Amino acid sequence: MRLGYMTNDDFSFIFEKIFGVVFIFLVIYALRAMSRSKAERRRLRELRDRQTQQGGGTSFGAMFGTSPDQPDIFYTRTIRVPRSDATSAASPPVPRPAPQVTKTLALDLDPGVFTPLSEDQVRAHAAAAGGMLTSPWFGRRDLIPPVTDPRTLLIDKAMVGQGLLSPEELTEIHRVGDEMDMVRNQFMKAAQVAADAVRVDQEARARLKAEKKAAAAERKRLHQEAVALRRRTDIIYLGRGVSRELGNRHANVEKLAAAALPVLATPADIAAAMGLTIPRLRWLAFHSDAATVSHYVRFTVPKKSGGTRQLSAPHQDLAAAQTWILENVLSRVSTHPAAHGFVAGRSTVTNAAPHVGRAVVLNADLANFFPSVTFPRVRGMFRMLGYSPAAATILALLCTECPRREVEYSGRRFHVATGPRALPQGACTSPALSNLAARRLDARLSGIAAKLGWTYTRYADDFTFSADAEASQKLGYLLARLRHIAQDEGFAINEKKTRFLRRNAAQSVTGIVVNDRPGVPRKTARRLRAILHHARTEGLATQNRQRIPRFESHVSGMISYIAMINPKQAAPLRAAFDSIKA
């Protein structure tokens, strides 16, 4: 067909409608063919023909396969007229209201309407139809334009004339479009109901979300308040690797009371006993592998055997806390009788006295004595006394510290741990805790020494064994047992400092010679006599060749030390010193 006489708008409109009609037609029939069997389609046709003959339209239930028991709803353009009284009286009684007679306004969809037009007729009608934009169905793809629209009818006839569609197919298409128009209002109502339901649901969800947000904000506020209160009144975390037992607050009150120790079960108990606040106690006891602040002042001193020893002196607040622990807890715990170091009433003299006049003396030394007493061991000792795991953890943290090295990173200085927490050399609690840590070691070594006929004492990390000539034959066995027992108790023997002394040499025990009677080494006594002799003529200050601070007090102290060991040996030295001062 030549369409040169038609406008561009007409051309677009025709193909727009062709595309929409064909698409809807194919979709409807494809869905029907896919969802229904031949028998179902036959049943629907028969039901539709029967209802058409009765004056009704095609039922929505029959079209879409609803159950026959359900009442059919007819979507047709109808006028419902009630039956007459006579007709109503003649009908048999039924339990539901009498049905109504439906008068159908039949659609004029006779295929004859779509008679093909000649080219001249199409041209004439197209010219008389006017612009396409005036049509209310222009551009609509959600409906099938009715045959009452002149332009639609013209297009339909043109398609029939060109053989694109048959009149019967157009009749079926417009019948489907009419049924769509009849149910569109109900669909729109259903869509509105659905939109209202969605809106109500969204509003309910919004309210629920707001309530949940408010509840979450309230829980967050209460949690923050609880955390703040707990931080002011309790301690539940003191650093990685040391906080595991802070939640256990069960103390053995009976055991503590029997030992006359203060009952401490919670962090609040410790803070109150020490006169500290909970935040201050947390700050003193907190463990960090890379701390920005250190509670100790570190410095080194030379060793007599060579090298240096690092000492750690606690700052004022930590020193006060450690002093409280020493005076109120550790000083009330008894040590083993063989321990003479850092024990009230005992000294190097009492440590050396049991070994005076013995045939052989064996001296041994523990390697890294204080660093061997680590944080877990200290915590276990406090728990052994009866303290709760929480209290034992805090007390152990206050009494231990890591060896640290100062480094700089990103412009900040850090005290970085280079080893595990252990007893620091410089804290007042370290000697007493080392004695407690070695109490089982002392008991075992005392037992094996007594069994072999030896005498055993310990001063800090120095072991001393002595025996008569007969018992000295078991020296090898004693050394082996000493090494094994020390290792079993978590210590190690410093093999370089092990000495076996007989009577033909100076038998020194913690700096005291014990061959016949306690005394200082001859070299020390002779040096002190020489200083006092030359001081009579040259003055005491001229004898300070090593530039010892407060040299006069140093000399007086040396004389007092000798007097403690051997008063007879110290008497002439004291007289010479007093004469120099006079």
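Scroll up to find the structure this text is about.
Residues numbered from 1 in each chain as written. Predicted model: local features only at pLDDT ≥ 70, side-chain atom pairs only at ≥ 80, totals over all residues. Heavy atoms only, no water.

Quick notes on the pattern of salt bridges
Part 1: Considering all chains together, one arrives at 25 salt bridges under this definition.
Part 2: Residue E401 is joined to R298 by a salt bridge in which the shortest nitrogen-to-oxygen separation is 2.8 Å. Of this pair, E401 sits in the loop between α15 (389-399) and β7 (404-409) while R298 sits in strand β4 (residues 296-302); the two residues are 103 residues apart in sequence, bridging distant segments of the chain.
Part 3: Under the relative-accessibility criterion, R298 is labelled partly exposed at 23%.
Part 4: Ionic pairing is found between E401 and R421, a salt bridge with its closest N-O pair at 3.6 Å. (Salt bridge = Lys/Arg side-chain N within 4 Å of Asp/Glu carboxyl O. Helix = DSSP H or I, 4+ residues; strand = E, 2+ residues; numbered from the N terminus. Buried < 20%, exposed > 50% of the residue type's maximum accessible area, 1.4 Å probe, protein only.)

Quick word on the packing of aromatic side chains
Part 1: Scanning the entire structure with this criterion turns up 6 aromatic pairs.
Part 2: Between Y237 and F286, the ring centres sit 6.0 Å apart and the planes meet at 65 degrees, which makes this aromatic pair edge-to-face. Residue Y237 is located in the loop between α7 (167-233) and α8 (253-258), and its partner F286 is located in the loop between α10 (278-285) and β3 (290-291); the two are separated by 49 residues in the primary sequence.
Part 3: Residue class for Y237 comes out partly exposed when judged on its relative accessible area of 46%.
Part 4: Assessed through its relative accessible area of 37%, F286 is described here as partly exposed.
Part 5: An angle of 40 degrees between the planes, with centres 5.6 Å apart, marks the rings of F369 and F491 as tilted. You can see F369 sitting in helix α13 (residues 369-372) and its partner F491 sitting in the loop between α18 (475-488) and β11 (499-502), a full 122 residues away along the chain. Of the two residues examined, F369 and F491, each falls in the buried class.
Part 6: Among the aromatic residues, those joined into a cluster by ring pairs are F369, F370 and F491.
Part 7: Sitting over the ring of F491, R377 keeps its end group 4.6 Å from the ring centre. (Phe/Tyr/Trp six-rings, centres within 6.5 Å; stacked < 30°, edge-to-face > 60°. Lys NZ or Arg CZ within 6 Å of the ring centre and 35° of its normal.)

Describing helix α21 (residues 567-581)
Part 1: Taking 1.5 Å of rise per residue, the 15 residues of α21 would be expected to cover 21 Å, and the 21 Å separating its terminal C-alpha atoms lies within 8% of that figure.
Part 2: Among the residues of α21, those classed as buried are A570, L573, A576 and F577.
Part 3: Buried residues belonging to α21 abut α19 (522-538) and α20 (551-565). (Expected span 1.5 Å × (residues − 1). Contact = heavy atoms within 4.5 Å.)

So, the state of the cysteines
Part 1: For the structure on display, the rule yields 0 disulfides.
Part 2: Left unpaired, C399 is separated from the closest cysteine sulfur, that of C428, by 7.8 Å.
Part 3: Among the residues examined, C399 registers a relative accessible area of 0% and is labelled buried. (Disulfide = S-S within 2.5 Å.)

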